[in-house]
Amino acid sequence: MLELQNVETFYGNIQALKSISLEIAQGEIVTLIGANGAGKSTTLMSISGIVPPRSGVILFEGQPIQGMPPNAIVSMGISQVPEGRRIFPYLTVLENLDMGAFLRDDKPEIKTDLDYIFELFPILAERRHQAGGTLSGGEQQMLAISRALMARPRLLLLDEPSLGLAPLVVKRIFEIVKKINSENNTTVFLVEQNANLALKTAHRGYVMENGRIIMADAADKLMVNEDVRKAYLGI
Ligand code: ATP
């Protein structure tokens, strides 16, 4: 479904991604783990077009998307949930969700998707007329994921969904991520610093260090890998 070939991304003179190559198949949950500053967010932003790569190829369902504007990439079926959630704090929950469907014109199906989201996250239905900024951190993360789902993505990019949330809330959010993947057949690319949780959730994983992919394997294999355990699982 998605293939990155030798992707290199820069911020001015700083090279954040050094020849990144990876693949994600339809229906998978794939995680990208690594320390602070390894380049995980930049990888997602290169895919979604927010920080376009300087060189390399990104194929989505066989079509090159590198260099396309972010709105065109969303229309093709890729949505990103940014780190730190970034919901619209002064808009209501419902208005935030409407914004997620901004590029769609299939009104009846938008309503069906909204009902599905309210089923996934009943708390958002309860709070639908409340300003997004008044929600708890966990509820805001649910809203950010839901807003991305309103674009009806085939590939969902999730950047650090566990950041700053209580363990119970994190558990709930990761259960929903699995549900979205299995029920909706949405492919998920999950960036996480919480490697333990990410590897428990994903089918496969990539490990990133200083802008490079240094390891790739099935999630259960990475979980027992000595180097991964020492560096990222604190064992
Ligand atoms: P974190 O988990 O802390 O977000 P990360 O693995 O997602 O880390 P990135 O945010 O992708 O890492 O950062 C990769 C590199 O690019 C880092 O060296 C970072 O300092 C640099 N970088 C990120 N954003 C910018 C920016 N806007 N301008 C300059 N350098 C940046």
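Worth saying up front: this structure is predicted, and the values here are computed from it rather than measured.

Asks: Would you explain a nonpolar patch on the surface in this entry?
Replies: Taken together, Phe88, Met99, Phe102 and Leu103 make up a surface patch of nonpolar side chains, about 410 Å² in accessible area. Note on placement: methionine 99 falls in helix H3 (residues 93-100).

Asks: Please explain the site of the ligand as it appears in this structure.
Replies: With respect to spatial proximity, 13 residues lie near the ligand, and among them Asn36, Gly37, Lys40, Ser41 and Thr42 are the closest. Within the backbone of glycine 37, an N or O atom sits 2.7 Å from an oxygen atom of the ligand. Threonine 42 has a polar side-chain atom sitting 2.5 Å from an oxygen atom of the ligand. In the complex, the protein chains occlude 62% of the 630 Å² of accessible area that the ligand would expose alone. The element that contributes the greatest number of residues to the shell around the ligand is helix H1 (residues 40-48), accounting for three residues. Among the residues forming the shell around the ligand, the class breakdown is four nonpolar, six polar and three charged.

Asks: In this structure, what is going on with the sheet that holds strand S1 (residues 2-11)? I would like to understand it.
Replies: Sheets are built from strands paired through backbone hydrogen bonds, the pairs being either parallel or antiparallel. Sheet architecture is open: four strands sit in the order S2-S1-S4-S5, paired in antiparallel fashion. Each edge of the sheet is formed by a strand with only one pairing partner; in this case those strands are strand S2 (14-24) and strand S5 (63-64). In this sheet, strand S4 (residues 55-60) lies alongside S1 in antiparallel orientation, the contact comprising five bridges. Looking at the pairing, leucine 2 lines up with phenylalanine 60 of S4. Against the sheet, H1 makes contact with S1, S2 and S4, and its axis sits at roughly 110° relative to S1, the strand it touches most.

Asks: Which parts of the structure should I look at to understand the nonpolar core?
Replies: Within soluble globular proteins, side chains that are nonpolar tend to cluster in buried spots. In this structure, Leu124, Leu158 and Val228 are the most contacted members of the largest nonpolar core, which totals 48 residues. Setting aside chain neighbours within four positions, we find leucine 158 in contact with Leu44, Val81, Ile145, Val177, Val188, Phe189, Leu190 and Val191. Core analysis: the next-biggest nonpolar cluster, separate from the first, contains 25 residues, Leu22, Ile24, Val30 and Ala38 among them.

Asks: In this structure, what is going on with helix H7 (residues 167-184)? I would like to understand it.
Replies: Counting along an α-helix, one turn takes 3.6 residues, and residues three or four places apart therefore face a common direction. With 18 residues, H7 ought to run about 26 Å at 1.5 Å a step, and its terminal C-alpha atoms sit 25 Å apart, in line with that. Turning to H7, its buried residues number three or more, namely Val170, Ile173, Phe174, Ile176, Val177, Ile180 and Asn181. Seen along its axis, H7 keeps its buried residues to an arc of 155°; they face one direction. Of the exposed residues in H7, the ones pointing more than 90 degrees away from its buried face are Leu168, Lys171 and Ser182. Packed against the buried residues of H7 are strand S3 (29-34), helix H4 (107-120), helix H6 (137-149), strand S7 (155-159), strand S8 (187-192) and helix H8 (195-201).

Asks: Can you walk me through the packing of H3 against H6 in this structure?
Replies: Between two packed helices, the angle of one axis relative to the other and the distance separating the axes together describe the packing. Between H3 and H6, the shortest axis-to-axis distance is 7 Å and the interhelical angle comes to 35°. Once H3 is placed against H6, the crossing between them reads as right-handed. Across the interface between the two elements, Val93, Asn96, Leu97 and Gly100 from H3 touch Leu143, Ser146 and Arg147 from H6. Of the residues that constitute the contact of H3 with H6, the class distribution is three nonpolar, three polar and one charged.

Asks: What is the right way to read the pairing of S2 from this model?
Replies: Note on strand geometry: in a regular strand, side chains alternate between the two faces of the sheet. Here S1 runs beside S2; their pairing, made up of seven bridges, is antiparallel. Along S2, the bridge assignment pairs leucine 4 with leucine 22.

Asks: Help me understand H1 in this model?
Replies: Within H1, eight of the nine residues are buried, which leaves it mostly tucked inside the rest of the structure. Taken as a whole, H1 has its buried residues at Lys40, Ser41, Thr42, Thr43, Leu44, Ser46, Ile47 and Ser48. Downstream of H1 by a residue or two, glycine 49 has a phi angle that is positive, lying close to 85°.

Asks: Got a minute to help me understand the packing of aromatic side chains in this structure?
Replies: Geometrically, a pair of aromatic rings is defined through the distance of the ring centres and the angle of the planes. A complete count under the given rule lists zero aromatic pairs for this structure. Positioned over the ring face of phenylalanine 10 is arginine 54, at 3.8 Å from the centre of the ring.

Parameters and conventions
- Residues numbered from 1 in each chain as written.
- Predicted model: local features only at pLDDT ≥ 70, side-chain atom pairs only at ≥ 80, totals over all residues.
- Heavy atoms only, no water.
- Patch = residues over 30% accessible without salt bridge, like charges linked within 9 Å, V, L, I, M, F, W, Y side chains within 5 Å.
- Areas by Shrake-Rupley, 256 points an atom, 1.4 Å probe, with all protein chains shown as cover.
- Salt bridge = Lys/Arg side-chain N within 4 Å of Asp/Glu carboxyl O.
- Helix = DSSP H or I, 4+ residues; strand = E, 2+ residues; numbered from the N terminus.
- Near = heavy atom within 4 Å.
- Polar contact = N/O pair within 3.5 Å; in protein donor to acceptor, adjacent residues only side chain to side chain.
- Nonpolar A, V, L, I, M, F, W, Y, C, P; charged D, E, K, R; others polar.
- Pairing = 2+ DSSP bridges.
- Contact = heavy atoms within 4.5 Å.
- Axes fitted to C-alpha atoms, helices over the stretch in contact; angles between N-to-C directions.
- Core = buried A, V, L, I, M, F, W, Y, C linked by side-chain atoms within 4.5 Å.
- Buried < 20%, exposed > 50% of the residue type's maximum accessible area, 1.4 Å probe, protein only.
- Expected span 1.5 Å × (residues − 1).
- Arc of directions from axis to C-beta.
- Left-handed = near helix turned anticlockwise from the far one by under 90°.
- Phe/Tyr/Trp six-rings, centres within 6.5 Å; stacked < 30°, edge-to-face > 60°.
- Lys NZ or Arg CZ within 6 Å of the ring centre and 35° of its normal.

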